[in-house]
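Commentary on secondary and tertiary structure
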Amino acid sequence: MEKKLFFIFNPKSGKGLIKSKLLDIVDIFVKHGYQVIVHPTQSAEDTYNAAKQMTQHADLIVCSGGDGTLDEVVTAIMDSRIDVPLGYIPSGSTNDFANSLSISKNMVKAAQEIMEGQVYGCDVGSFNKDTFVYIAAFGLFTDVSYQTAQTLKNVLGHMAYLLEGAKRIFDIKSYHLRIEVNGEVLENDYIYGMVTNSRSVGGFKNLTGKNVKMDDGLFEVTLIHTPKNPLELNEIMGALLNAVDNTDLVDSFKTDRIVIEATEDIPWTLDGEYGGEHREICIENKKKAIHILLNPMKHKAKPLELPLQQ
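Heads up: these notes are all about the structure in this document. It should be emphasised that the depicted structure is a prediction, and the values quoted were computed from it without experimental measurement.

**Looking at the side chain of Asp271**
Looking at where Asp271 falls in the secondary structure, it is placed in the loop between strand S14 (257-270) and strand S15 (273-294). Judged by its relative accessible area of 2%, Asp271 falls in the buried class. Among the polar contacts made by the side chain of Asp271, one reaches the main-chain amide nitrogen of Val133 at a distance of 2.6 Å. Asp271 has contacts with Asp67, Gly68, Asp71, Phe132, Val133, Tyr134 and Ile135, leaving out every residue within four places of it along the chain.

**Examining unusual backbone geometry**
The backbone phi angle of Ser102 is positive, close to 55°, even though this residue is not glycine. In this structure, Ser102 sits in the loop between helix H4 (96-100) and helix H5 (107-116). Under the relative-accessibility criterion, Ser102 is labelled partly exposed at 35%. In this structure, Lys288 takes a positive phi of about 50° despite not being glycine. The topology assignment puts Lys288 in strand S15. Taking the relative accessible area as the measure of exposure, Lys288 reaches 31% and is therefore partly exposed.

**Quick look at the side chain of Thr131**
Relative to the helices and strands, Thr131 is located in strand S6 (residues 130-132). Assessed through its relative accessible area of 10%, Thr131 is described here as buried. Discounting chain neighbours no more than four positions away, the residues touching Thr131 are Asp71, Val74, Thr75, Met78, Val124, Gly125 and Leu270.

**Quick word on the packing of helix H1 (residues 18-31) against H5**
As a packed pair, H1 and H5 sit with axes 9 Å apart at the nearest point and diverge in direction by 20°. With respect to H5, the element H1 is oriented roughly parallel. Both H1 and H5 take part in a crossing whose hand is right-handed. The segment H1 lies against H5, with Ile18, Lys21, Asp24, Ile25, Ile28 and Phe29 engaging Met107, Val108, Ala111, Gln112 and Met115.

**Re the pattern of salt bridges**
Per the stated rule, a full pass over the model turns up seven salt bridges. Note that Arg257 and Glu284 form a salt bridge whose closest N and O atoms lie 3.0 Å from each other. One end of the pair, Arg257, is in strand S14; the other, Glu284, is in strand S15, and 27 residues separate them in sequence.

**Here we look at the packing of aromatic side chains**
What characterises a pair of aromatic rings is the spacing of the ring centres plus the angle enclosed by the ring planes. In total, this model carries seven aromatic pairs according to the counting rule given. Here Tyr88 and Phe97 contribute two aromatic rings whose centre-to-centre distance is 6.3 Å and whose plane-to-plane angle is 55°, an arrangement assigned as tilted. For the pair shown, Tyr88 and Phe97 are each scored as buried. Taken together, a centroid distance of 6.0 Å and an interplanar angle of 80° make the contact between Phe138 and Tyr175 edge-to-face. Here Tyr175 lies in strand S8 (residues 175-181) and Phe138 lies in strand S7 (residues 135-139), a separation of 37 residues in the sequence. Across the pair, exposure class does not vary: Phe138 and Tyr175 are buried alike. Here the aromatic residues Phe127, Phe138, Tyr175 and Trp268 are joined through ring pairs into a cluster of three or more. Positioned above the aromatic ring of Tyr34 is the side chain of Lys3, whose terminal nitrogen or guanidinium carbon lies 4.4 Å from the ring centre.

**Topic: the packing of helix H2 (residues 44-54) against helix H3 (residues 67-80)**
For the pair H2 and H3, the least separation of the axes is 8 Å and the interaxial angle reads 40°. Comparing the axis directions of H2 and H3 gives the class oblique. The two elements H2 and H3 meet at a crossing, and its hand is right-handed. In contact with Ala44, Thr47, Tyr48, Ala51 and Lys52 of H2, H3 contributes Thr69, Glu72, Val73, Thr75, Ala76, Asp79 and Ser80. Taken together, the residues of the contact of H2 with H3 break down into five nonpolar, four polar and three charged.

Definitions and limits used
- Residues numbered from 1 in each chain as written.
- Predicted model: local features only at pLDDT ≥ 70, side-chain atom pairs only at ≥ 80, totals over all residues.
- Heavy atoms only, no water.
- Helix = DSSP H or I, 4+ residues; strand = E, 2+ residues; numbered from the N terminus.
- Buried < 20%, exposed > 50% of the residue type's maximum accessible area, 1.4 Å probe, protein only.
- Polar contact = N/O pair within 3.5 Å; in protein donor to acceptor, adjacent residues only side chain to side chain.
- Contact = heavy atoms within 4.5 Å.
- Axes fitted to C-alpha atoms, helices over the stretch in contact; angles between N-to-C directions.
- Parallel < 35°, antiparallel > 145°, perpendicular 65-115°, else oblique.
- Left-handed = near helix turned anticlockwise from the far one by under 90°.
- Salt bridge = Lys/Arg side-chain N within 4 Å of Asp/Glu carboxyl O.
- Phe/Tyr/Trp six-rings, centres within 6.5 Å; stacked < 30°, edge-to-face > 60°.
- Lys NZ or Arg CZ within 6 Å of the ring centre and 35° of its normal.
- Nonpolar A, V, L, I, M, F, W, Y, C, P; charged D, E, K, R; others polar.

Given below as structure tokens:
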């Protein structure tokens, strides 16, 4: 029986280059023995619903788009509780997750690597009742991604985020948090926090620290204290950009679970998309919960002994 591949792509992602590569990508899938079902996304809700429905029928799901598209597809797979392998062809403006896994930026090459790849386990995060792939964040600039217009992202790329974020540099909001993590309690005022499983955030490498592994069952957590003056703000920025833990104004650590209580509702972003406002948050790491096809020549991790569905 011919294997079924569900290919779901965001035609508006990035600069819409997927449209000119579509036939080449589908041809690669067919040449490797797949019956291909192609679905251009209509909305975030459509992405989730279509992917969830196809988990019951597909032997492999491949998605193409930015981090938001990937988030919807991974959430659908997690919610379906059906173990369908995943392939990812990045076509967004930033593609932090793809960069972290050394997935090719050439879409046709990425498709070929999926077909020739091996299955690896990748951690996924649970955020209360939601799922995120590589980052849950609050505070300074975290609304930039979902408030920056798609057309601006397409024209300016990464620079669009910087331009949008610069508008709010002098309007920093602070949040008082009580945090339970690794058997300890932290309580302080913070302007920013991120819980990540990524080597790149917003296109910047090393912000999440060094020795980041995508399958170790641990998140990298960064919490930035509220600076009292411009000198402290400068100290924070220097520590982050240089990936050096030399300041008490930044709390950074690894954990598989973190519980956060705030004195007010806080807007969060999950993989660059709006994740709602929350006062109580529980974030947990689901170790190797997603099985993704990757080029074995680019990964030191051991592939899973997990054959594709027949």
